[in-house]
Structure formats: C-alpha cells, structure tokens
Amino acid sequence: MRLEQRAWIDVRIQIDSQIKAGEPLRATVKAINTGKTPAKKVSGTASIQKVASNETPKLGPIFVTTVFHGLIPPGGALPLSVRSRSDKSDTYMTETDIEDFRSGKVYVAVLGKFGYEDVYGTSHWIKYCTWKSFGPGDGKYSAGECVNSNEVDENS
C-alpha cells in the first residue's frame, strides 16, 4: 500500500533553445509530485554545462543551483531556474561559444538530483541528466553517460 500511496517525484527539463552571446545558458528543471501524498523536505540541485561533443558532462563536483522546499503536494511542482555558472557568478556565452554550438563542437547538458521524504518517513532521491545539441544531427555527441546516469532510489 505504501508504494502505491507514497510521493513520487518526476523531473521535467526544458532547455532554452535561444542561445545568445552575452547571456548565460538557461534551463528550467521542474520536480513534479506524481504520487498520491505530499513529498516532504524536498531539496534539489541542478547544473547546466557546455560540453565538448566528444566528452561527457561532469558528473562529479560541479557548480550548481540549489533549492530547498518544505513540500510538494500531489500534482504540484517545484520549478528551478538554472543558468550556466562558474563559482558564484553566471558565465556568459561568447560569439565563439555560439558558433561552437551551431557547428556541433559542443552541446548542452542539464543534470542534478532531487531528494525528498514521503509521508511514511522514507527518504527518496532521483538523479537526472539530459542533453541538447544546436548543431548538425549526425550523432557525434558523447552524451550516453549522461543519459545512462539517470536513476532513482530503490526504497519502498
């Protein structure tokens, strides 16, 4: 019964398709409670990265945007706005960066993790990573590790 009734967090990611010189990369990460009870003590991290087409995103220590929230009711969502960062300040795209995106030399990856507790006091988490290219679609992006890193806890 607990498995059927507990909170379940689903993550939806929208990467801004408008990349411009002088502005940071942007994305919205939305944690949605698709379960039947509230998700409590919700916390989350997100990072947006510019990644060379022959490399994988940095899955280790990275500069992240963090959010803490009391709870997400059933059907509710917690949006998190993410901008490219280095240390504690935004990083801005240059004309060279834009050309690298359009030529397929680099792609964008968004990754992070949400943690929460269900009404039964059990802790849960979900890790996510997705990517988007702005260049030729010839399949030369090394984003497989990003997609393969998506996982959820196995707590019931």
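One structure accompanies this document, and this report is about it. (Residues numbered from 1 in each chain as written. Predicted model: local features only at pLDDT ≥ 70, side-chain atom pairs only at ≥ 80, totals over all residues. Heavy atoms only, no water.)

1. Focus on the side chain of D97
Heads up, the condition is: Strands are runs of DSSP state E lasting at least two residues, helices are runs of H or I lasting at least four, and both sets are numbered from the N terminus onward. Any pair of residues with heavy atoms lying within 4.5 Å of one another is described as a contacting pair.
Checked against the element boundaries, D97 lands in helix 2 (residues 95-103). Setting aside chain neighbours within four positions, we find D97 in contact with K50, Y92 and V106.

2. Things to note about the sheet that holds strand 5 (residues 77-83)
The condition that has to hold: By this definition, two strands are paired if DSSP reports at least two bridges between them. A fitted line through C-alpha atoms represents every axis, and for helices the fit uses only the stretch in contact; the resulting angles, taken between N-to-C directions, go from 0 to 180 degrees.
The strand order across the open sheet built from three strands is 1-2-5, with neighbouring strands paired in antiparallel fashion. Since the sheet does not close on itself, it has two edges, and those belong to strand 1 (9-15) and strand 5, each with one partner. Averaged over all adjacent pairs, the angle separating strand axes in this sheet is 20 degrees, with direction ignored.

3. Let's talk about helix 2
Note the following rule: Each residue is assigned to one of three classes by its accessible area relative to the maximum for its type, calculated with a 1.4 Å probe on protein chains only: buried under 20%, partly exposed between the two thresholds, exposed over 50%. To obtain the arc, one takes the directions from the helix axis to the C-beta atoms.
For helix 2, the complete set of buried residues consists of D97, I98, D100 and F101. What you see down the axis of helix 2 is that its buried residues fit within an arc of 160 degrees, all on one side. Within helix 2, the exposed residues directed more than 90 degrees away from the buried face are E95, T96 and R102. Looking at the packing, one finds that the buried side of helix 2 touches strand 3 (39-52) and strand 8 (106-117).

4. Regarding the environment of V152
Mapping V152 onto the fold places it in strand 10 (residues 151-152). Judged by relative accessible area, which is 46%, V152 ranks as partly exposed. Considered as a pair, V152 and I9 are 143 residues apart in the sequence and their alpha carbons are 9.5 Å apart. Beyond its immediate sequence surroundings of up to four residues, V152 is in contact with W125 and I126.

The values are spatial; any link to function lies outside them.
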